[in-house]
Amino acid sequence: MTDIEEKPLNFIRRIIEKDLAANKNEGRVVTRFPPEPNGFLHIGHAKSICLNFGIAEHYQGSCNLRFDDTNPAKEEQQYIDAIQEDVRWLGFQWQDQIRHASHYFDQFYEFALGLIQGGKAYICSLSAQETREYRGSLTEPGRNSPYRDRSVEENLDLFARMKAGEFDEGAHVLRAKIDMASSNMNMRDPTLYRIRKVIHHQTGDAWCVYPMYDYAHCISDAIEGITHSLCTLEFEDHRPLYDWILNQLDIAHPQQIEFSRLELEYTITSKRKLNQLVVDQCVSGWDDPRMPTIAGLRRRGYTPAALRDFCERIGVTKSENRVEMSVLENCIREDLGARAPRVMGVLRPLKIVIENYPEDQVEDVVASNHPQDESMGTRTLPFAREIYIEQDDFREQANRKFKRLVLEGEVRLRHAYVIKCESVIEDGEGNIVELRCSYDKDTLGKNPEGRKVRGVIHWVSAQHALDAEVRLYDRLCNVPNPGAEEDIVETLNPDSLETLLNCKVEPGLAKAAAWTAYQFERVGYFCVDSKDSTEQAMVFNRTVGLKDSWAKMVSKGKS
RNA sequence: UGGGCUGUCGCCAAGCGGUAAGGCACAAGGUUUUGAUCCUUGCAUGCGGAGGUUCGAAUCCUCCCAGCCCAGCCA
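A quick note: this is a predicted structure, and the numbers were derived from the prediction, not measured.

Backbone geometry places N25, a non-glycine residue, at a positive phi of 60°. With respect to the helices, strands and loops of the structure, N25 is situated in the loop between α1 (11-21) and β1 (30-33). Non-glycine residue D96 carries a positive phi angle of around 25°. Following the sequence through the fold, D96 ends up in the loop between α3 (77-89) and β3 (99-100).

Turning our eyes to something else, we now look at the sheet that holds strand β4 (residues 121-124). Ordered in space as β4-β5-β6-β7, the 4 strands form an open sheet in which the pairing is antiparallel. Looking at the sheet topology across the chains shown, the edges are occupied by β4 and β7 (209-211). Averaged over all pairs of adjacent strands, the angle between strand axes in this sheet comes to 20°, irrespective of strand direction. Both β4 and strand β5 (residues 173-176) contribute to a ladder of 4 bridges, which runs antiparallel. Within β5, the residue paired with I123 across the bridge is L174. With respect to the sheet, helix α6 (residues 152-164) is in contact with β4, β5, β6 (191-195) and β7, its orientation differing from that of β4 by roughly 60°.

The terminal C-alpha atoms of α6, which comprises 13 residues, lie 18 Å apart, in line with the 18 Å expected from a rise of 1.5 Å per residue. Along α6, the residues that are buried comprise N155, L158, F159 and M162. Taken down its axis, α6 places every buried residue within 100° of arc, on the same side. Exposed residues on α6 whose side chains face more than 90 degrees from its buried face are E153 and A164. Buried positions along α6 lie against α4 (105-117), β4, β5, β6 and β7.

Taken together, 71 residues form the shell around RNA strand B, and within it L126, R342, R414, Q519 and K556 come nearest. Backbone atoms, meaning sugar and phosphate, make up 65% of the atoms of RNA strand B lying within 4 Å of the protein. Within the contact set of RNA strand B, a base nitrogen lies 3.2 Å away from a backbone nitrogen or oxygen of G170. Measuring from a base oxygen of RNA strand B, one finds a backbone N or O atom of G445 at 2.8 Å. For the surface near RNA strand B, the secondary-structure elements that each account for two or more residues are α5 (128-134), β6, α11 (304-314), α12 (325-339) and α14 (549-555).

Here 3 strands make up an open sheet; going across it, the order is β1-β2-β3 and the pairing parallel. Where the open sheet ends on each side, the last strands, each with one partner, are β1 and β3. When strand β2 (residues 62-67) meets β3, the two strands line up parallel, connected through 2 bridges. Each bridged residue has a counterpart across the sheet, and for R66 the counterpart in β3 is R99. Its contacts with the sheet place helix α2 (residues 43-58) against β1 and β2, and it is angled at close to 160° to β1.

Here we take up the side chain of E506. On the secondary structure map, E506 appears in the loop between β24 (497-505) and β25 (517-520). The class of E506 is buried, set by a relative accessible area of 4%. Within the structure, the side chain of E506 is placed 2.7 Å from the backbone nitrogen of M344, a separation counted as a polar contact. Engagement of the side chain of E506 in a polar contact is seen with the side chain of R379, the distance being 2.7 Å. Among residues more than four places away in sequence, those in contact with E506 are V343, M344, R379, L381, V460 and L466.

Turning to the domain arrangement of chain A, a few remarks are in order. Domain boundaries assigned for chain A yield domain 1 (3-261), domain 2 (271-341 + 468-555) and domain 3 (345-458). The straight-line distance from the C-alpha centre of domain 2 to that of domain 3 is 29 Å. If you look at the interface, domain 2 gives 23 residues, while domain 3 gives 23 residues. Buried surface at the junction of domain 2 and domain 3, summed over both partners, amounts to about 1800 Å²; 55% is from carbon and sulfur atoms. When the buried area of domain 2 at its contact with domain 3 is split by residue, E521, R522 and W550 rank highest and sum to 36% of it. Two residues, E498 and R348, come together in a salt bridge whose shortest N-O distance is 3.3 Å. Counting the contacts that link domain 2 with domain 3 gives 8 residue pairs in polar contact (both at pLDDT 80 or more). For the side of domain 2 that touches domain 3, the secondary structure elements donating two or more residues are α12, β23 (466-473), β24 and α14. Top contributing element to the side of domain 2 that touches domain 3 by residue count: β24, with 6 residues.

Cut-offs used in this document
- Residues numbered from 1 in each chain as written.
- Chains lettered and ligands numbered in written order.
- Predicted model: local features only at pLDDT ≥ 70, side-chain atom pairs only at ≥ 80, totals over all residues.
- Heavy atoms only, no water.
- Helix = DSSP H or I, 4+ residues; strand = E, 2+ residues; numbered from the N terminus.
- Pairing = 2+ DSSP bridges.
- Axes fitted to C-alpha atoms, helices over the stretch in contact; angles between N-to-C directions.
- Contact = heavy atoms within 4.5 Å.
- Expected span 1.5 Å × (residues − 1).
- Buried < 20%, exposed > 50% of the residue type's maximum accessible area, 1.4 Å probe, protein only.
- Arc of directions from axis to C-beta.
- Near = heavy atom within 4 Å.
- Polar contact = N/O pair within 3.5 Å; in protein donor to acceptor, adjacent residues only side chain to side chain.
- Domains from an automatic or database assignment.
- Buried area = accessible area lost by both parts, 1.4 Å probe.
- Salt bridge = Lys/Arg side-chain N within 4 Å of Asp/Glu carboxyl O.

Next comes the structure, spelled out in structure tokens:
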């Protein structure tokens, strides 16, 4: 018997297994992913999605996608659409139809009536400012609202009239009657309903009172038969209120469990701040490839598999964390390394004329599409007298550590011949504009005899190559924890996007479809941009570079 | 200075009283027509700190320290 090392359970799964063992909830496991449609989903949401849907999958339960749409002023249909696309793209399926908290508005209202009748809620007519003053502080208890002891009849009447639209926004709210002296601020008679004369994206003008999160969320969970309601740490203090509300009602009682949100170094996971970047046009949109949004990562070339793997690797705990970018990058490299066909693309071209190669000759050389996966087959590449190589791959002179082309030195052209640099042509200002080389005819598919050629560089045929634009992305922000800074714009990395306009890629890429991932050998992983690329003007996004131990040596000054 | 929570390797993270998993990162080798991949090796006498209980403590107890969250009619 071989014992496969099981990945240890996270604390939430441990709780669920215990519940299952105790036959709690009759063995059902029902979770939900409850975004507010007020922005695009980001990598932090991916963690929550993977957790909630992953648990449902694993325990053969189900997971609902529910829009937590209780604040119409901030929400939009476009976000509802984008969120569904993102969840589906990540590869998850929600249980039957989409849910909306707004679908339960009638039930919320009925339950509120019940609370009022039971003396558990009252209409408070304090202004927002007064309410704040009555609430007390972290160290001082609050005081009871003067409206706290209104009669049930008066409360019922007022609430009905609030619903009927008789009052202006802010005139009254419905509050739970709990304990103004509680050390938990959330229990100091929290607001349950407020008046908002706003058109709701789902319910139109049907309502002018809208429930608060704390009131709507727990009841939504209960209505849907959620067994485990997973949310982030900042809601820990809300759990007593979650439980209190459900305890007042004759209704199911899901268990709220909190876990820490994901933070990623050098970027932000705050919808508010991401929205600011979009609004201020610091980025091209929610799906700008520099954004940590799911849409941005997708456009950048990240795959669902990589994101899911990432969420698996980072774990689920209650401790605050800020994960290094390298973990995410490793995930996408691993996925694409196995699956992306290899091609050649020259980002910063340097022209080479192979002087001993016949003027008009063009021959096809065979190149494997994946060195470790023969099933991906081969393709042919046109080889001719004039080619482009990478500027970085030539130095007039260099020590032995530099395994590329030097003047009077030899190098292997990937999948093709060994060439030797005979001379360098400069412009008037000392810039190298062209190399004159010779090739060794007897080196196609075999090593030259009597000498060793240490380097291999990529190339494209000058007359056959396609012009392309390549966008290189770097970290969005300059500081590891930009969220801690007062002004997010100040932290933005001015070099987060570098656009290269004169790149040359191999001709076979002409028919490359949007989103398709390729490895440009020796450079990195790229995909065709889904928005800006056309057949006439191709645009590639660099998803992530290849690991580059040479660059590391150079930056350390070892070469 | 009220309440809630968290502190295990540079970053994540197992561990649940029997003597510190794993991943990423990093370092050193090897293979290689990608300086990629792959392979091998190294990387916490230490678990926020101090006491205590125990044959035995990261795990239990006490005290202390640090960090995060809460005073929206946001979620």
